[in-house]
Each structure stands twice: as structure tokens, then as C-alpha cells.
Amino acid sequence: MERLTSVTIDVCALKQNLSFVDPLLITLSGHLAPSILRVGGSDQNNFNFSSQPDRNFVTCYDKAGREAPLGCHQQCTFDSQYWASLHNFVDATGLQLLFGLSPADAENANSLIYHTAHRNYSGMFGYSFGNEQINEINEINDYFTKMTSVRKALNEAHGESTSSRPLLIAPDTGIGPRQLWISPAGIANDTSVNKHLDFVGRFTAKCAPLLDAVSWHTYDFRSQEIGGADHQPWPYPTPTVNASRFWEPEYLDVAGRLADNVSDIVAEAAPSLLGKVC
């Protein structure tokens, strides 16, 4: 990838109607440019687009389909006005947008792609298809079918020119975390990590013709190992957190080794994507 510097806003914040017109947010975010703003995370997997303007911007629903209070980890939709406010924010800050599509509904993803192209939003860097895919080999054919539809929509909406067309990036699977009894030095023997790496290889081999880049992320340590907890509430850090462990060589080595592994896997599965790993 030509740009490595990026920042993320979790979709969970959008499900709480994060305001992209906040002057302070715009001013501070502008200092991060030029870089890529990723809007994604696990909550993108149940966050869909509605082409109809809705004065509520974001609407969430309970399991029975009834409107529910805004919040994370539930089915929500965002409307065209909210999407416009995000693009106005991108334009005002000089950032480029990498937006996470829900893999549950390719047709909904396609409607967002066509709408974005029709509105001539110029800040789209790319779309990522799903977050933390479930790592099940038997699901790869389903991803391939849906991504074939999404690729077709991108080509139709933006034309064949790769210079102006947003990228399609996947699978954005999480590699790790290590099993508790596996030391950082012994990560090559971690069956869970190896299963995730195997998924990256098989996914890439099948879906490479549709992809512009392969994405992944890693958990180099568990929260418990630094004295924290998953989804640590604010204020953070707590007095028990040992942040210095972030810099210990044995943990830093995990990220380096996994990066080498993924590069080797992609090189073998799809040489055309070598160097397009992010």
C-alpha cells in the first residue's frame, strides 16, 4: 500500500450518532492528514445503508425489528444525510475514507457503492468487506459470491479506471490472540493462530481475482497480560495496567513474525497481491 498511516473510528461510535460536523473534531482531525480514515470494526457487520433521508440519521432496531435506543452491537441503519456528513468531514479534513461494508447483504453494500458514485464523493479510498470474518473455510465460497457482486458494482459505478475507483479490500480477519498457555516465543505452535493464517491463505487463493488488497490485523498480546481487560471502560488506563509491556521485544516480535507469515502466505496464494497487504 502507498499509505500506511491511518486512524480508525469504530462503527460503534456512529451507532451512537457521532457528529461529523463538530468543529473541534474537524479541526483536530485535519492535523492527521494526509492519511486514511478507516470507519469499521465488528459493528460494521450489522450496520446497513438506507438511501432514504431520515432526520434521525442513524436508527437502531431490536431483535423483533422494533426501533430501539442507539447503541453498539445491534442492527442499525444510517441514512444518506449521515453519509453526506461523513464525506463532508472527509473533505474538510483532507483525509481519505476506508469504509467497512457489512458482509451480510451484498445488495445493500452495492446500493451504497452506487449512491456514493452518483454523488461524486471524491474522498473514497476503498471499501473493506466485513470485519473479523469467522475464519471458517466453508464460508469462503459465500464470501466469494457476495464479493463478486460487490466487485461488479464497483466496476459499473466507477468504470474500469483503477485510478479513480475505490479499492475492494478483504478479509480483515483477526489473527490471534494467542492461547493463554502459549508464550510469545511459541506462537508458531498456537493452533488458533495457525487456523487464522490458514484462513487468510485459502481466502486469498479463492478471492484474489476480486481483491485490490488483502487486509488483516493481529492481537499481539492479551489484555490480561498488561493488567487490563477487554473493552476496558473509561477512564483508561487503570492503575493496574503495565503499558511498558507494549515495547517488550518478545511482544513486538510477534507482530513482525505474523507480518512475515502473512506476506509469505499471500505470495504463495496470489502473487499478484504481493505488496498489497495492509
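Our subject in this report is the structure included herewith. (Residues numbered from 1 in each chain as written. Predicted model: local features only at pLDDT ≥ 70, side-chain atom pairs only at ≥ 80, totals over all residues. Heavy atoms only, no water.)

1. Let's talk about the pattern of salt bridges
Going through the model one piece at a time under the given rule, you end up with seven salt bridges. A salt bridge links Asp-198 to Arg-202; its shortest N-O distance comes to 3.0 Å. Highlighted residues: Asp-198 and Arg-202, both in helix H6 (residues 191-207), separated by four residues, approximately one helical turn. For Asp-253, the salt bridge is made with Arg-257, and the minimal N-O distance between the two is 2.9 Å. (Salt bridge = Lys/Arg side-chain N within 4 Å of Asp/Glu carboxyl O. Helix = DSSP H or I, 4+ residues; strand = E, 2+ residues; numbered from the N terminus.)

2. Structural notes on the pairing of strand E9 (residues 167-175)
Counting buried residues in E9 gives eight out of nine residues, a clear majority hidden from the surface. Bridging between strand E8 (residues 124-129) and E9 involves three bridges; their strand directions are parallel. Directly across from Gly-126, in E9, lies its bridge partner Leu-167. The pairing of E9 with strand E10 (residues 213-218) spans six bridges and is parallel. Counterpart to Gly-174 in the pairing with E10 is His-217. Following the backbone out of E9, through H6 and into the adjacent parallel E10, one traces a crossover that is right-handed. (Buried < 20%, exposed > 50% of the residue type's maximum accessible area, 1.4 Å probe, protein only. Pairing = 2+ DSSP bridges. Right-handed = clockwise from strand over helix to strand, strands pointing away.)

3. Here's the deal with the sheet that holds E8
Strand order in the open sheet formed by six strands is E1-E2-E7-E8-E9-E10, with parallel pairing between adjacent strands. Whereas interior strands pair on both sides, the edge strands pair on one side only; in this sheet they are strand E1 (6-10) and E10. Here the strands of the sheet are splayed against their neighbours by 25° on average, with no regard to which way each runs. Taken together, the five bridges between strand E7 (residues 96-101) and E8 define a ladder with parallel strand orientation. The partner of Phe-99 across the bridge, within E8, is Tyr-127. Where H6 meets the sheet, it contacts E9 and E10, and its direction lies at approximately 160° from that of E9. Seen against the sheet, helix H7 (residues 249-269) touches E9 and E10 and runs at an angle of roughly 155° to E10. (Axes fitted to C-alpha atoms, helices over the stretch in contact; angles between N-to-C directions. Contact = heavy atoms within 4.5 Å.)

4. Considerations on the state of the cysteines
Using the criterion set out here, one finds two disulfides in the structure. Between the sulfur atoms of Cys-12 and its disulfide partner Cys-72 the distance amounts to 1.5 Å. Measuring the twist about the S-S bond at about 55°, one finds the Cys-12-Cys-72 disulfide to be right-handed. One end of the pair, Cys-12, is in helix H1 (residues 11-14); the other, Cys-72, is in the loop between strand E5 (67-68) and strand E6 (75-79), and 60 residues separate them in sequence. For Cys-72, a relative accessible area of 24% puts it in the partly exposed group. Between the sulfur of Cys-60 and that of Cys-76 lies a disulfide, 2.1 Å long from S to S. (Disulfide = S-S within 2.5 Å.)

5. A few points about a nonpolar patch on the surface
Taken together, the side chains of Phe-246, Trp-247 and Leu-252 define a hydrophobic patch exposed on the protein surface, amounting to about 360 Å² of accessible area. Within the secondary structure, Leu-252 sits in helix H7. According to the relative accessible area criterion, Leu-252 is partly exposed, its value standing at 46%. (Patch = residues over 30% accessible without salt bridge, like charges linked within 9 Å, V, L, I, M, F, W, Y side chains within 5 Å. Areas by Shrake-Rupley, 256 points an atom, 1.4 Å probe, with all protein chains shown as cover.)

6. Here we look at the nonpolar core
The biggest cluster of nonpolar side chains holds 57 residues, and the ones touching the most others in it are Phe-78, Trp-83, Leu-97, Phe-99, Met-147 and Phe-203. Among residues more than four places away in sequence, those in contact with Trp-83 are Phe-78, Leu-97, Phe-99, Leu-112, His-115, Thr-116, Tyr-121 and Met-124. Within the second largest apolar cluster, five residues are counted, among which are Leu-98, Phe-125, Ile-169 and Ala-213. (Core = buried A, V, L, I, M, F, W, Y, C linked by side-chain atoms within 4.5 Å.)

7. Quick look at the packing of helix H5 (residues 140-158) against H6
Relative to each other, H5 and H6 sit at 40°, their axes nearing to 10 Å. It follows from the interaxial angle that H5 and H6 lie oblique. Helix-helix and strand crossings are classified by hand; for H5 and H6 the assignment is right-handed. Each of Ile-140, Asn-141, Tyr-143, Phe-144 and Met-147 in H5 lies in contact with H6, whose residues at this interface are Phe-199, Arg-202, Phe-203, Lys-206 and Cys-207. (Parallel < 35°, antiparallel > 145°, perpendicular 65-115°, else oblique. Left-handed = near helix turned anticlockwise from the far one by under 90°.)

Don't take any of this as a statement about function, it's just geometry.
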